[in-house]
Amino acid sequence: MSEAQHSYRQIVKATSLFGGVQVFQIIISIVRSKFVAVLLGPVGMGINGLLISTTGMIEGLTNFGLGTSAVKNVAEAHVSGNTGRIGKVVAVVRKLVWITGLFGAVITLFLSPWLSRITFGNRDYTLAFVLISITLLFNQISTGQSVILRGTRQLKYMARASLAGSLLGLIISVPVYYKWNIDGIVPAIIITSVISLLITWYYSNKVKIEKVKISRVTIIREGKEMMSMGFMLSLSGVITLATGYIIRIFISNTGGVDQVGLFSAGFAIINTYVSMVFNAMSTDYFPRLSGVANDNSKATELINQQSEIAILILSPILTVFIVFIQFAVIILYSSKFLEVNGMIQWAALGMYFKAASWAIAFLFLAKGASGLYFWNELISNLYVLGLNILGYRFGGLDGLGISFLLSYIFYFVQVFLLTKYKYDFSIRSAYTKIFLVQLFWGILCFLTIRFFSVPGAYLIGFFLIAASTIISYKELDRRIDLKTILQTVLSRNDRRSQE
């Protein structure tokens, strides 16, 4: 097996492990979203989205990016094999998440009247923000446990924690929505947070880590690197959250809370059900890229490989969403949400360019260039905000989809030029060919569903989806010998069934 094939297989293997987790979580999300859409409607989803996005913005500002930055420190200690060192770093992480979590909770509690007025135009939701403030502490502690699992490469525990948290959150929160309707939004948010905390705590305690007593001086010394890099990541995250928050406020003031609910529901489909590929890949990709980041040639090769796999897996999924989005919206939500169809179709085209830029942008973090990463995200969020406001003002929900597409075209050009100039990055011809071919099929699907009437549009769309899928299969088979892998898995299953 060649080195390139081994690398491709490692990418696919990691994607498969967490892709399975993502699929399970998506099924749970579908069920939850269906219940929430039916029980709460667009207005309830709008309120839920505004509460979560508001507290999420404060959480992003006060958590100092420890969920990402601390992974690097824990991983380095874990690789060293020094149990005392591992214990010290983990102890520091656990102290820091308590401090930052309490900080976020207190800030939310103190600002609750103003948050209600800014978000909803009145103080009716002050108590809601007071109650939700505790979730910032719970979420940050839970993040700390996840850092330990990821840093020590306990991927199976991470997968189990994610699955258990999603399932229990669904089982407990849906009856709350059913019994109290909109009044159940706040209790459901709190319950979900508590469940996540308990489960991540349970699995992180399974990791054998030497208990080490640390002083305040040690916390400051060891936590300095985590906090400094994390602070830049946190600022970037806050800018992204603030952008989403301002957009939701603008939509709420211009079109109403129900429009916020439609906007949230539409992008939940894209960001939750399509971005599962990105989420599954990032778990293994970031540590791997960090390992070769000092070698620009190796980093370029890995980024191109990761980009190829991403577009090959994503493209068939995107064509399905473009063609059959009406059925997806009805199944996932209800007929009340059909207004988002056009927005999602435009956004699906934007996902091709997100796939192209996603793998490249990781290079800033892998290089430790947190300042460059911050300015890159700041600039992109500024034009994202401007394009979204213009898009909604002149095109409504469809305009938001168009702005999503334009934003990721600009972002792709931006990160490519930056990495080419700073790190001599280049895009291989093999990836360019795959990207253009799959984008071509996506555009054909978009034009078909827009300009042909049903059922003809669905029939043509089905063949276009099949074409995209066949191309992806053949290209994956060339890289990882997919046919042999599938035959091995099938034969193994046959032996098990015979036994």
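What this report covers is the structure whose coordinates are included nearby. Quick caveat, the model's predicted, so the values are computed rather than measured. (Residues numbered from 1 in each chain as written. Predicted model: local features only at pLDDT ≥ 70, side-chain atom pairs only at ≥ 80, totals over all residues. Heavy atoms only, no water.)

## A look at the side chain of T218
(1) Moving on: Mapped onto the elements of the fold, T218 is located in helix α7 (residues 216–255).
(2) Moving on: T218 gets classed as buried once you look at its relative accessible area, which sits at 11%.
(3) Moving on: When residues no more than four places from it in sequence are discounted, the contact partners of T218 are K88, V92 and G223. (Helix = DSSP H or I, 4+ residues; strand = E, 2+ residues; numbered from the N terminus. Buried < 20%, exposed > 50% of the residue type's maximum accessible area, 1.4 Å probe, protein only. Contact = heavy atoms within 4.5 Å.)

## Thoughts on unusual backbone geometry
Outside of glycine, negative phi angles account for most residues, and trans bonds account for most peptide bonds.
(1) Moving on: Phi at N181 is positive, roughly 55°, even though this residue is not glycine.
(2) Moving on: Structurally, the position occupied by N181 is in the loop between α5 (155–180) and α6 (185–204).
(3) Moving on: One non-glycine residue, D424, lies in the positive phi region at around 60°.
(4) Moving on: By the secondary structure assignment, D424 is in the loop between α12 (370–423) and α13 (429–451).
(5) Moving on: Residue D424 is classed as exposed on the basis of its relative accessible area of 60%.

## Here we look at the packing of aromatic side chains
(1) Moving on: Following the criterion strictly, the structure yields 21 aromatic pairs and no others.
(2) Moving on: Between F120 and F129, the aromatic rings sit 6.5 Å apart at their centres with planes inclined by 50°, giving tilted as the arrangement.
(3) Moving on: Classification of F120 as buried rests on a relative accessible area of 18%.
(4) Moving on: Taking relative accessible area as the criterion, F129 reaches 0% and is therefore assigned buried.
(5) Moving on: Centroid distance F404 to Y408: 5.0 Å. Interplanar angle 55°. Geometry classified as tilted. Here the residue F404 and the residue Y408 both occupy positions in helix α12, the gap between them amounting to four residues, near one helical turn. Here the two residues F404 and Y408 agree in accessibility, since each one is buried.
(6) Moving on: Each residue in the set F120, Y125 and F129 is aromatic and connected to the rest through ring pairs, giving one cluster. (Phe/Tyr/Trp six-rings, centres within 6.5 Å; stacked < 30°, edge-to-face > 60°.)

## Considerations on the nonpolar core
(1) Moving on: Judged by nonpolar contacts, the single largest core of 106 residues is most densely connected at L51 and L289.
(2) Moving on: In terms of residue count, the dominant contributor to this core is helix α11 (residues 341–366) (19 residues).
(3) Moving on: Here L289 is in contact with A299, L302, I303, F362, L363 and A366, once residues within four sequence places are set aside.
(4) Moving on: Counting residues in each nonpolar core, the second largest holds 28 residues, with F64, V74, L96 and I219 among its members. (Core = buried A, V, L, I, M, F, W, Y, C linked by side-chain atoms within 4.5 Å.)

## Describing helix α4 (residues 126–151)
(1) Moving on: If you check α4, its first and last C-alpha atoms are 38 Å apart, about what 26 residues at 1.5 Å a residue would give, namely 38 Å.
(2) Moving on: Among the 26 residues in α4, 19 count as buried, and that is most of the element.
(3) Moving on: One or two steps after α4, the chain reaches R153, where phi turns positive at roughly 60°. (Expected span 1.5 Å × (residues − 1).)

## Observations regarding the pattern of salt bridges
A side chain with one charge may pair with a side chain of the opposite charge, provided their charged atoms come close.
(1) Moving on: Counted by the stated rule, this structure contains three salt bridges.
(2) Moving on: Notably, a salt bridge pairs D398 with R450, separated by 3.8 Å at the nearest N-O pair. Residue D398 is found in helix α12, and its partner R450 is found in helix α13; the two are separated by 52 residues along the sequence.
(3) Moving on: Residue classification places R450 among the partly exposed positions, given a relative accessible area of 33%.
(4) Moving on: Here E475 makes a salt bridge to R478, at a shortest N to O gap of 3.1 Å. Placement of the pair is E475 and R478 together in helix α14 (residues 456–480), with a separation of three residues, close to one helical turn. (Salt bridge = Lys/Arg side-chain N within 4 Å of Asp/Glu carboxyl O.)

## Concerning a nonpolar patch on the surface
(1) Moving on: Side chains of F24, L167, L168, I171 and I172 sit close together on the surface and give an oily, nonpolar patch of about 400 Å² of accessible area.
(2) Moving on: With four residues, the top contributor of residues to the nonpolar patch is α5.
(3) Moving on: Its location among the elements puts I172 in helix α5.
(4) Moving on: Classification of I172 by relative accessible area gives partly exposed; the value is 36%. (Patch = residues over 30% accessible without salt bridge, like charges linked within 9 Å, V, L, I, M, F, W, Y side chains within 5 Å. Areas by Shrake-Rupley, 256 points an atom, 1.4 Å probe, with all protein chains shown as cover.)

## A look at the environment of Q154
(1) Moving on: Positionally, Q154 belongs in the loop between α4 and α5.
(2) Moving on: Here the alpha-carbon distance between Q154 and K206, two residues 52 residues apart in the chain, equals 9.8 Å.
(3) Moving on: Setting aside residues up to four positions removed in sequence, Q154 forms contacts with L149 and V207.

## A short note on the packing of helix α10 (residues 296–332) against α11
(1) Moving on: The contact between α10 and α11 brings their axes to 9 Å, and the two run at 170°. Considered as vectors, α10 and α11 are oriented roughly antiparallel to each other. (Axes fitted to C-alpha atoms, helices over the stretch in contact; angles between N-to-C directions. Parallel < 35°, antiparallel > 145°, perpendicular 65-115°, else oblique.)

## Concerning the side chain of Q345
(1) Moving on: You can see Q345 is positioned in helix α11.
(2) Moving on: Among the polar contacts listed, one links the side chain of Q345 to the backbone oxygen of I322, at a separation of 3.1 Å.
(3) Moving on: If sequence neighbours within four positions are ignored, Q345 has contacts with I322, I325, F446, I449 and R450. (Polar contact = N/O pair within 3.5 Å; in protein donor to acceptor, adjacent residues only side chain to side chain.)

## A look at α13
(1) Moving on: Here α13 contains 23 residues, and its C-alpha end-to-end distance of 33 Å stays within 8% of the 33 Å for a straight helix at 1.5 Å per residue.
(2) Moving on: Buried within α13 we find Y431, I434, F435, Q438, L439, G442, C445, F446, T448 and I449.
(3) Moving on: Check the buried side of α13 and you find it contacts α10, α11 and α14.

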